[in-house]
Amino acid sequence: MDVARFSVTMVIPTPILILGAKGMLGHALMDTFADLAPTGLDRDELDITNSIEVDAKFSLLTPKTIINAAAFTAVDQCENEATKPICDKVNGEAVGILAEAAKRISATIIHFSTDYVFDGTKQEGYLETDEPKNPVNAYGASKLAGEQALRSSGANFYLIRTAWLYGAYGKNFVDTMLSLGKTKKELTVVNDQHGKPTYTVDLAKATRRLLEGEYTPGVYHFVNEEATTWYDFAVEIFKQAKIPMQVHPIPSSDFLRPAKRPAYSILLNTKFPPLRPWKEALAEYLQPIIQNQDLAPLDPNLL
Ligand SMILES: NC(=O)c1ccc[n+]([C@@H]2O[C@H](COP(=O)([O-])OP(=O)(O)OC[C@H]3O[C@@H](n4cnc5c(N)ncnc54)[C@H](OP(=O)(O)O)[C@@H]3O)[C@@H](O)[C@H]2O)c1
């Protein structure tokens, strides 16, 4: 006799509120949860650093599930004396404001953090149970402060760390490479930083599966599978997009930026079914872009 197989699907508590709804991940979340009619807010409608506004909005909307994709993501600007206080407030303090307000209305909060909370020295990658310490830049430190505020709030939370995001409606490495491909024939890209490029659509869908499954609240690592370097990522983008480009590997020491980047920011997902490999996800993201582009003919010698 066949054994019946059951998969448990929990009903996601509604109303759902998505913060940072106009950002790169926020757009993907709004699409992925569209059938549940989420309310999406961004900075112009709710400043998450303002605790009075947050409490007022939560009282009005009474969300049961709050998904926070709002953040200050300009990594280099977090090093700047003028903008660092904003970075600290949005990525750190505001997470505490949201989590405490969520607790007051008995809502679950889902918050996104980053591989940059780790120092990047663990070559084999970081587990969900690894304790983040000594982030190498101010953005990582601000996101770690946010993680700590979330944990100490007493709210029911899912903390999802992710990395190297790309998708529609946001500044990202893939789009930068594609636009450089329109004007350049040669590029240098760093090949000593390792990570897992992650497609916002895959991350949003995994977030939904997390909430629908019987997963315990806590820390999760959601990244597309297989690690790479920025150099190999760039080579693959040009290859898939059929753009002729000579990409030359360089060390990070030849590409100095205000914020240092961790050498190994490889997140290991040991608690959730793996997301697909990054090259497959990239192909899906590039497909409509390639179809709409007038691309130069491919010279196989350049790839
Ligand atoms: N991008 C990556 O490579 C990456 C990697 C790892 C983790 N993450 C994390 O993933 C999450 C989503 O990132 P993303 O790349 O989608 O970010 P994003 O595109 O920069 O979107 C963030 C959104 O938050 C809004 N925001 C900023 N300050 C705010 C405030 N005070 N109140 C309300 N909204 C505010 C921004 O509005 P404005 O544009 O008007 O400022 C923007 O719409 C973040 O938690 C980020 O730290 C990102």
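Below, the structure is looked at part by part. Here the residue numbering is sequential within each chain, running from 1 through the sequence in written order. Residue-level local features of this predicted model are given only where pLDDT is at least 70; pairs of side-chain atoms are given and counted only at 80 or more, and the full residue set underlies all totals for whole chains, interfaces and linings.

Glancing now at the site of the ligand. Nearness here has a simple definition: the residue's C-beta atom, placed using the backbone, must lie within 6 Å of the molecule or strand. Around the ligand there are 25 residues in total, and Gly20, Gly23, Met24, Leu25 and Ala71 lie nearest to it. For the shell around the ligand, the elements supplying multiple residues, two or more each, are helix H1 (24–32) and strand S4 (108–114). Top contributing element to the shell around the ligand by residue count: H1, with three residues. Under the DSSP-based scheme used, a helix requires at least four consecutive residues in state H or I and a strand at least two consecutive residues in state E, with every element numbered from the N terminus.

Attention shifts here to the packing of H1 against helix H6 (residues 200–212). Axis separation between H1 and H6 bottoms out at 8 Å; the angle between their running directions is 50°. For the element pair H1 / H6, the angle class is oblique. Where H1 crosses over H6, the handedness of that crossing is right-handed. Side by side, H1 and H6 meet where Met24, Leu25, Ala28, Leu29 and Thr32 of the first sit next to Thr200, Val201, Leu203, Ala204, Lys205, Thr207 and Arg208 of the second. Only Asp, Glu, Lys and Arg are considered charged in this grouping, and only Ala, Val, Leu, Ile, Met, Phe, Trp, Tyr, Cys and Pro are considered nonpolar; every other residue, Gly among them, is considered polar. For the contact of H1 with H6, a count of residues per class yields seven nonpolar, three polar and two charged. To obtain each axis, a line is fitted to C-alpha atoms, and for helices this fit is confined to the stretch in contact; angles are then taken between N-to-C directions over 0 to 180 degrees. Working rule for angles: under 35 degrees goes down as roughly parallel, over 145 as roughly antiparallel, 65 to 115 as roughly perpendicular, anything else as oblique. Whether a crossing is left-handed or right-handed is set by the direction in which the near helix is turned from the far one by less than a right angle, anticlockwise for left-handed and clockwise for right-handed. A pair of residues counts as a contact when their C-beta atoms, built from backbone coordinates, are separated by no more than 7 Å.

With respect to the helices and strands, Leu98 occurs in helix H3 (residues 84–104). As a rule, residues whose C-beta atom has 12 or fewer other C-beta atoms within 10 Å are exposed, those with 20 or more are buried, and those in between are partly exposed; C-beta atoms are placed from the backbone. Overall, the presence of 30 C-beta atoms within 10 Å leaves Leu98 in the buried class. When the C-alpha positions of Leu98 and Ile250 are compared, they lie 41 Å apart, and in sequence the two are 152 residues distant. Ignoring sequence-local partners within four residues, the contact set of Leu98 consists of Ile48, Val54, Ile66, Asn68 and Ile109.

Another aspect to go through is the sheet that holds strand S2 (residues 39–41). At least two bridges found by DSSP between two strands are what make those strands a pair. Read across the open sheet, the six strands follow the order S2-S1-S3-S4-S5-S10; overall the sheet is parallel. In this open sheet, the two strands that pair with only one neighbour each are S2 and strand S10 (218–221). Across this sheet, the average inter-strand angle for adjacent strands is 20°, counted without regard to direction. When S4 meets strand S5 (residues 156–162), the two strands line up parallel, connected through seven bridges.

This paragraph deals with the packing of helix H5 (residues 173–183) against helix H7 (residues 230–241). Where H5 meets H7, the closest approach of the two axes is 10 Å, and the angle between their N-to-C directions is 60°. Taken together, the axes of H5 and H7 lie oblique to each other. Between H5 and H7 lies a crossing whose hand is right-handed. Seen from H5, the contacting residues are Phe173, Val174, Met177, Leu178 and Gly181; seen from H7, they are Phe233, Ala234, Ile237, Phe238 and Ala241. In the contact of H5 with H7, the residues fall into nine nonpolar, one polar and no charged.

Reading across the sheet, the three strands line up as S11-S8-S13 and stay open at both edges, with mixed pairing between neighbours. The outermost strands of the open sheet, each flanked by one partner alone, are strand S11 (228–229) and strand S13 (264–265).

Take unusual backbone geometry next. Omega for the peptide link from Thr14 to Pro15 comes to 0°, which places this bond in the cis form. Its place among the elements puts Pro15 in the segment before strand S1 (16–19). You will see that Lys242, though not glycine, has its phi angle at about 55°, which is positive. Tracing the backbone through its elements, the reader meets Lys242 in the loop between H7 and strand S12 (246–250). Residue Lys242 is classed as partly exposed on the basis of its 17 C-beta neighbours within 10 Å.

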